[in-house]
Amino acid sequence: MIYWRIFLAFFIPNILGYGGGPASIPLVEHEVVGKYGWMTTQEFSEVVAIGNSLPGPIATKMAGYIGYTEGGILGSFIAMFATIAPTLILMIGMMAILLKYKDSPEVKNLTKFIRPIIAVLLGFMTIQFAQESVIGLGMWSSIILIAASVLLLVKFKVHPAFVILLALIYGAITG
């Protein structure tokens, strides 16, 4: 019965809490503190604080910890699955719809409008990354990294993962 409660305590808030972790935190608190009484408000706030201090999505970290304290390793797994299940179900449903109508003229026209928007967003993001790189690394290191990356990707067709690895090594060497 505890595993079913753990599932519900994280599944329901993540259906209702659109936007991910921060939006669902009050809903999870209602379930964990108010409904089931697994923690006090103070303990829950400490879990949120610890979750915020670690990298990655807060919702899954909270779910893993609370699920573990209530149901061990299986409880942790169930809580994390319940946290991502609403998004997973929605993605699978949307993919089924998209695949069903992928050849329709409406969907093809929609992708014609979306591609330029994505290109502009990626371009803007690239400019921001370049500016941050110049601020953090300096002009010359940024130019070397950008030129070497373009050369490796375009001319030598090196896989992007290896280019990223080489950039990390360059950053480790140059400090």
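To start, this report covers the structure provided alongside it.

Rules behind the numbers
Residues numbered from 1 in each chain as written. Predicted model: local features only at pLDDT ≥ 70, side-chain atom pairs only at ≥ 80, totals over all residues. Heavy atoms only, no water. Helix = DSSP H or I, 4+ residues; strand = E, 2+ residues; numbered from the N terminus. Expected span 1.5 Å × (residues − 1). Buried < 20%, exposed > 50% of the residue type's maximum accessible area, 1.4 Å probe, protein only. Arc of directions from axis to C-beta. Contact = heavy atoms within 4.5 Å. Patch = residues over 30% accessible without salt bridge, like charges linked within 9 Å, V, L, I, M, F, W, Y side chains within 5 Å. Areas by Shrake-Rupley, 256 points an atom, 1.4 Å probe, with all protein chains shown as cover. Salt bridge = Lys/Arg side-chain N within 4 Å of Asp/Glu carboxyl O. Core = buried A, V, L, I, M, F, W, Y, C linked by side-chain atoms within 4.5 Å. Phe/Tyr/Trp six-rings, centres within 6.5 Å; stacked < 30°, edge-to-face > 60°.

### Some details on helix α6 (residues 139–155)
Helical periodicity: at 3.6 residues per turn, an α-helix aligns residues three or four positions apart in one direction. Compared with the 24 Å implied by 1.5 Å per residue over 17 residues, the 23 Å span of α6 between its first and last C-alpha is a close match. When α6 is considered as a whole, its buried residues turn out to be Ser 141, Ser 142 and Leu 145. Down the axis of α6, the buried set is contained in an arc of 100°. They therefore lie on one face. Counted as exposed and oriented over 90 degrees from the buried face of α6: Trp 140, Val 154 and Lys 155. Of the surrounding elements, those touching the buried residues of α6 are α5 (105–137) and α7 (160–174). Positive phi appears at Lys 157, one or two residues downstream of α6, with a value of about 55°.

### With respect to a nonpolar patch on the surface
Among the surface-exposed residues, Tyr 3, Leu 74, Phe 77, Phe 81, Ile 84, Leu 88 and Ile 92 lie close enough to one another that they form a single nonpolar patch of about 660 Å² accessible area. For the nonpolar patch, the element with the highest residue contribution is helix α4 (residues 58–100), accounting for six residues. With respect to the helices and strands, the residue Phe 77 is situated in helix α4.

### Structural notes on the nonpolar core
Side chains of nonpolar character tend, in soluble globular proteins, to be buried together. Within the largest apolar cluster, 24 residues are counted, with the highest numbers of intra-cluster contacts made by Phe 10, Val 32, Trp 38, Met 39, Phe 44, Met 62 and Ile 66. Ignoring any residue separated from it by four or fewer positions in sequence, one finds Met 39 in contact with Val 32, Val 33, Phe 44, Val 47, Tyr 65 and Ile 66.

### Here's the deal with the packing of aromatic side chains
Aromatic rings considered in pairs are described by the distance between their centres and by the relative angle of their planes. Tallying each qualifying case throughout the model produces three aromatic pairs. Each ring, one from Trp 4 and one from Phe 7, has its centre 5.8 Å from the other, and the planes form 20°; the classification is stacked. Of this pair, Trp 4 and Phe 7 both sit in helix α1 (residues 2–16), three residues apart, roughly one helical turn. The class for Phe 7 is buried, based on a relative accessible area of 19%. Measuring from ring centre to ring centre gives 4.7 Å for Tyr 36 and Trp 38, while their planes differ by 10°; the resulting arrangement is stacked.

### Remarks on α7
Its 15 residues place the ends of α7 21 Å apart at the C-alpha level, agreeing with the 21 Å of an ideal helix rising 1.5 Å per residue. Gly 175 sits one or two residues past α7 and shows a positive phi near 75°.

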